[in-house]
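# Structural description and commentary
What follows is each chain in one-letter form.
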Amino acid sequence: MKKLVLFSAGVAVSLSAVAQFKQKEMPYPYEALEPHIDAATMRVHYNNHHAGFANNLNTILASHADWKDKDIVFLLKNLERLPAEIQTPVRNNGGGFFNHCFWWEMLAPAGTAPLSDKMKEVIAKHFESFEKFQAEFTKAGLARFGSGWIWLVKDKDGKLSIVSTPNQDNPLMDPARKDDTPVLALDVWEHAYYLKHQSKRADWIAAYWNVVNWKKVEELYFGK
Ligand code: MN3
């Protein structure tokens, strides 16, 4: 990155130190999830939407020295401790940054990260059957009005629940869930599917099930 130096009240501030929230490289090529998720959607989702959240977050925190070096999870779990004027911008852009970092890891080329019997059993234990879980998660995705995310969340005792959040919110922001871990996510913002499915969110969710990274879900549930 080009190093820019600003002088403010006689103090040199290096902007190269500011761009700390960086996207990781995608774990697979843009076309790897075809035909379930098209390369054009992946490209715009990663390079425009996710990059936008990262850039905005860095800009917002550039003038808040006490906060810009914090870890993203810390920021999202402590939004109420931030200066009032940046709480909502960090909620939206920090949420968008974190959610999309999580999102790319939630996906894998079809057939490469199948659901293990072990994980299937855990899910079935909580939702009667894996199929019932899938139906319930899908229903939550269809019911989310406007934009948002659907999550499968594990609490500290290993109990699973489905959580629906608006906008770029996520379970980390909920003080009642501070010990919980998201293990699966679904982006139901139109930008995630509109190029291919237009307004048909049900088709999008059906496509999504083909490319879930169940290995990652299992890793998040059981720990590495
Ligand atoms: Mn998105």
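In what follows, the structure referred to is the one given above.
So, here's what we can say about the structure. Quick caveat: nothing in here was measured; it's all calculated off a predicted structure.

## A few points about the packing of aromatic side chains
By the definition in use, this model includes 20 aromatic pairs. The interplanar angle of 5° and the centroid separation of 6.4 Å between the aromatic rings of Trp 209 and Trp 214 together place this pair among those described as stacked. In this structure, Lys 118 packs its charged tip against the face of Phe 222, placed 4.3 Å from the ring centre. We note Lys 154 situated over the ring of Tyr 221; from NZ or CZ to the ring centre the distance is 5.4 Å.

## Considering the pattern of salt bridges
In the structure shown here, the tally under the stated rule is 9 salt bridges. A salt bridge links Lys 178 to Asp 179; its shortest N-O distance comes to 3.9 Å. Lys 178 gets classed as exposed once you look at its relative accessible area, which sits at 51%. Within this structure, Lys 24, Glu 105, Lys 216 and Glu 219 form a network of salt bridges that share partners.

## Side note on helix α4 (residues 84-106)
Since the α-helix turns once every 3.6 residues, residues separated by three or four places project in the same direction. With 23 residues, α4 extends 32 Å between its outermost C-alpha atoms, agreeing within 8% with the 33 Å of an ideal straight helix rising 1.5 Å per residue. The largest bend in α4 comes to about 35°, at Val 90.

## Here's the deal with the layout of surface pockets
Volume-wise, the largest pocket comes out at about 300 Å³. The leading source of residues in the lining of the largest pocket is α4, at 6 residues. Counted by class, the lining of the largest pocket contains 9 nonpolar, 1 polar and 5 charged residues.

## Some details on helix α8 (residues 201-208)
Within the sequence span of α8, burial applies to Arg 201, Trp 204, Ile 205, Ala 207 and Tyr 208. Taken end-on, α8 shows its buried residues confined to a sector of 160°, consistent with a single buried face.

## A short note on the coordination of the manganese ion
Distances from the manganese ion to its protein donors, namely His 45 (NE2), His 100 (NE2), Asp 187 (OD) and His 191 (NE2), fall within the range 2.0 to 2.1 Å. On the primary sequence, the residues serving as donors to the manganese ion are separated as H-x54-H-x86-D-x3-H. Residue classification places His 191 among the buried residues on the basis of a relative accessible area of 14%.

Basis of the calculations
Residues numbered from 1 in each chain as written. Predicted model: local features only at pLDDT ≥ 70, side-chain atom pairs only at ≥ 80, totals over all residues. Heavy atoms only, no water. Phe/Tyr/Trp six-rings, centres within 6.5 Å; stacked < 30°, edge-to-face > 60°. Lys NZ or Arg CZ within 6 Å of the ring centre and 35° of its normal. Salt bridge = Lys/Arg side-chain N within 4 Å of Asp/Glu carboxyl O. Buried < 20%, exposed > 50% of the residue type's maximum accessible area, 1.4 Å probe, protein only. Helix = DSSP H or I, 4+ residues; strand = E, 2+ residues; numbered from the N terminus. Expected span 1.5 Å × (residues − 1). Bend = angle between axes of the 7 residues up to and from the residue. 1 Å grid on protein atoms, 1.4 Å probe; cavity = no way out; pocket = protein on both sides within 12 Å on 5 of 7 lines; lining within 4 Å. Points joined across faces, edges and corners; volume = space filled by probe spheres on them. Nonpolar A, V, L, I, M, F, W, Y, C, P; charged D, E, K, R; others polar. Arc of directions from axis to C-beta. Donors = N, O, S within 2.8 Å, 3.2 Å for Na, K, Ca; no water.

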